[in-house]
Amino acid sequence: MRSTDPLQSSSAASPCEVRHLSKRYGTHTVVDDLTFSIPRNHVVGLIGPNGAGKTTTMKMLLGLVRPTGGDISLLGRTIGEPRWGDVLNRVGSMIEEPPIYDRLTARQNLQYQCLAVDGAIDDAEVDELLRLVDLAHRADDRPRGYSLGMRQRLGIAITLVGQPDLVILDEPGNGLDPAGIIEIRQLMGRLPETGTTVLVSSHQLAEVQQACDQLIILADGRTVAQGTTAEILSGRTQHIFHVTVDNTETQQTGDVLRAAGLAVTEQIGTTFVIEPPPEVGGRDLNRLLAAADVYASSINQPVASLEDAFLDLVQQPDDTDNLTTPEVARS
Ligand code: ATP
């Protein structure tokens, strides 16, 4: 096991707090006055488009990039204070590529990491990690022949050696197929149960929304929103209704809605998308149609998705190319 500092391990305090963090390269500010606190035993998503500053932020948290300004407290130590690096022994990380030696088997990779972290091999821990990431059946194969998803899972297992208090994962779903994304997500979801807090970066919204219970949204190096998905979405319900009617009643429905002066913004098959004035609700629409002998099969007010919120918060004009919202990754 990694050496522990009882004061820190027993503390309910945040394993990572950042205040007014910034990073400049020349005149280019890539991280700009970030302040956030990661709650213990949660899976926290750091999301933003390509170039938003996610990797740079993670590298600063690990002491790999020197901040231009601000403070980082990692497991109770302020980065830069004497011997702050001692806490890195309790932080697992996977930035960019999984830290795998291709000439070693999966088991040997984990044994090697045990030696690096604890100075001794813990075979029970290695077996447990192989089971956790579902690689027990391939434990004695070299990872060269693994799929991308298996390599990512082995990489995560390596970061978990010594049961760290915090793991920092940079885009672990990158390049994975839907099944691989679901596996990584399920794996991350299990980690808080074992006392490991997760900070994971991604620009794949569906993945993040389902994997994380807290989100920090970055754009151009700044935090544009943070909180739970529900908090970020609150107040974003649009005043739009979807009214679906029977096939035989579409003509009449359109006539009734238009006669009442309601704006039909779109018609998709037998569903009308209506943006009524704020004082008009679903019951009013129902009553209006019923008075004309049209009985809607459904009247819904769609809830804004994280994708909508994200685009509102970070979108530059003509900048939708680097946001991926895979339809996959739903288990
Ligand atoms: P991605 O999703 O593409 O990985 P990101 O959100 O992780 O993006 P970063 O990799 O942190 O973003 O990069 C943020 C900005 O900082 C980018 O404009 C990048 O070009 C710039 N940058 C990163 N490292 C350096 C460096 N060493 N020197 C100069 N600029 C850099």
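Up top is the structure these notes are about.
Summarised in this report is the structure supplied together with it.

What counts, and where the lines are drawn
- Residues numbered from 1 in each chain as written.
- Predicted model: local features only at pLDDT ≥ 70, side-chain atom pairs only at ≥ 80, totals over all residues.
- Heavy atoms only, no water.
- Pairing = 2+ DSSP bridges.
- Helix = DSSP H or I, 4+ residues; strand = E, 2+ residues; numbered from the N terminus.
- Axes fitted to C-alpha atoms, helices over the stretch in contact; angles between N-to-C directions.
- Contact = heavy atoms within 4.5 Å.
- Phe/Tyr/Trp six-rings, centres within 6.5 Å; stacked < 30°, edge-to-face > 60°.
- Buried < 20%, exposed > 50% of the residue type's maximum accessible area, 1.4 Å probe, protein only.
- Near = heavy atom within 4 Å.
- Polar contact = N/O pair within 3.5 Å; in protein donor to acceptor, adjacent residues only side chain to side chain.
- Salt bridge = Lys/Arg side-chain N within 4 Å of Asp/Glu carboxyl O.
- Right-handed = clockwise from strand over helix to strand, strands pointing away.

1. Let's talk about the sheet that holds strand β12 (residues 264-268)
Strands sit in the order β12-β13-β11-β14 across an open sheet of four strands; the sheet is antiparallel. The strands lining the two open edges of the sheet, one partner per strand, are β12 and β14 (298-300). Averaged over all neighbouring strand pairs, the angle between strand axes comes to 15°, with direction disregarded. Where strand β11 (residues 241-244) lies against β14, three bridges are found, and the strand directions are antiparallel. Each residue of the ladder has a partner; that of T244, found in β14, is S298. Relative to strand β13 (residues 271-274), helix α9 (residues 250-259) is tilted by about 15°, and along the sheet it contacts β12 and β13.

2. Observations regarding the packing of aromatic side chains
According to the stated counting rule, one finds one aromatic pair in the structure shown. Ring centres of Y101 and Y112 lie 5.2 Å apart, and the angle between their planes is 75°; on these two criteria the pair is classed as edge-to-face. Residue Y101 is located in the loop between β6 (91-94) and α3 (106-118), and its partner Y112 is located in helix α3; the two are separated by 11 residues in the primary sequence. Overall, the relative accessible area of 45% leaves Y101 in the partly exposed class. The exposure class of Y112 is partly exposed, given its relative accessible area of 42%.

3. Here we look at the site of the ligand
Contacts to the ligand come from Y25, H28, V30, P49, N50, G51, A52, G53, K54, T55, T56 and E171. Interatomic distance of 3.4 Å between a side-chain N/O atom of E171 and an oxygen atom of the ligand. For the shell around the ligand, the secondary structure elements donating two or more residues are β2 (28-38) and α2 (54-61). In terms of residues, the shell around the ligand owes the most to one element, α2, which gives three residues.

4. Some details on the sheet that holds strand β7 (residues 166-170)
In space, the six strands of this open sheet follow the order β6-β7-β8-β3-β9-β10, with mixed pairing throughout. The two strands at the open ends of the sheet, each matched to only one other strand, are β6 and β10 (222-227). Geometrically, the sheet is characterised by an average inter-axis angle of 15° between neighbouring strands, direction not taken into account. Pairing analysis gives five bridges linking strand β9 (residues 214-219) to β10, with the strands arranged antiparallel. Pairing of L215 across the sheet is with G227, part of β10. Relative to strand β8 (residues 197-202), α2 is tilted by about 150°, and along the sheet it contacts β3 (43-47), β7, β8 and β9.

5. Topic: the side chain of T250
Among the secondary structure elements, T250 is positioned in helix α9. Beyond its immediate stretch of four places on either side in the chain, T250 contacts V245, Q267, G269, T270 and F272.

6. Some details on the pattern of salt bridges
Under the defined criterion, the tally for this structure stands at 13 salt bridges. For the salt bridge of E171 with K54, the shortest nitrogen-to-oxygen distance reads 4.0 Å. One end of the pair, E171, is in the loop between β7 and α6 (178-190); the other, K54, is in helix α2, and 117 residues separate them in sequence. Comparing E171 with K54, the two get one shared label, buried. Through salt bridges with shared partners, one network takes in R107, D127 and D140.

7. Quick look at the pairing of β8
The buried count for β8 comes to six of six residues, which makes it a mostly enclosed element. The side-chain alternation of β8 yields two buried faces, one formed by T197, L199 and S201 and the other by V198, V200 and S202. Here β3 pairs with β8 via five bridges, running parallel. When the sheet's bridge partners are listed, V44 is paired in β8 with L199. Bridge analysis of β7 against β8 gives five bridges, and the strand direction is parallel. Within β8, the residue paired with L166 across the bridge is T197. Each parallel crossover has a hand, and the one from β7 via α6 to β8 is right-handed.

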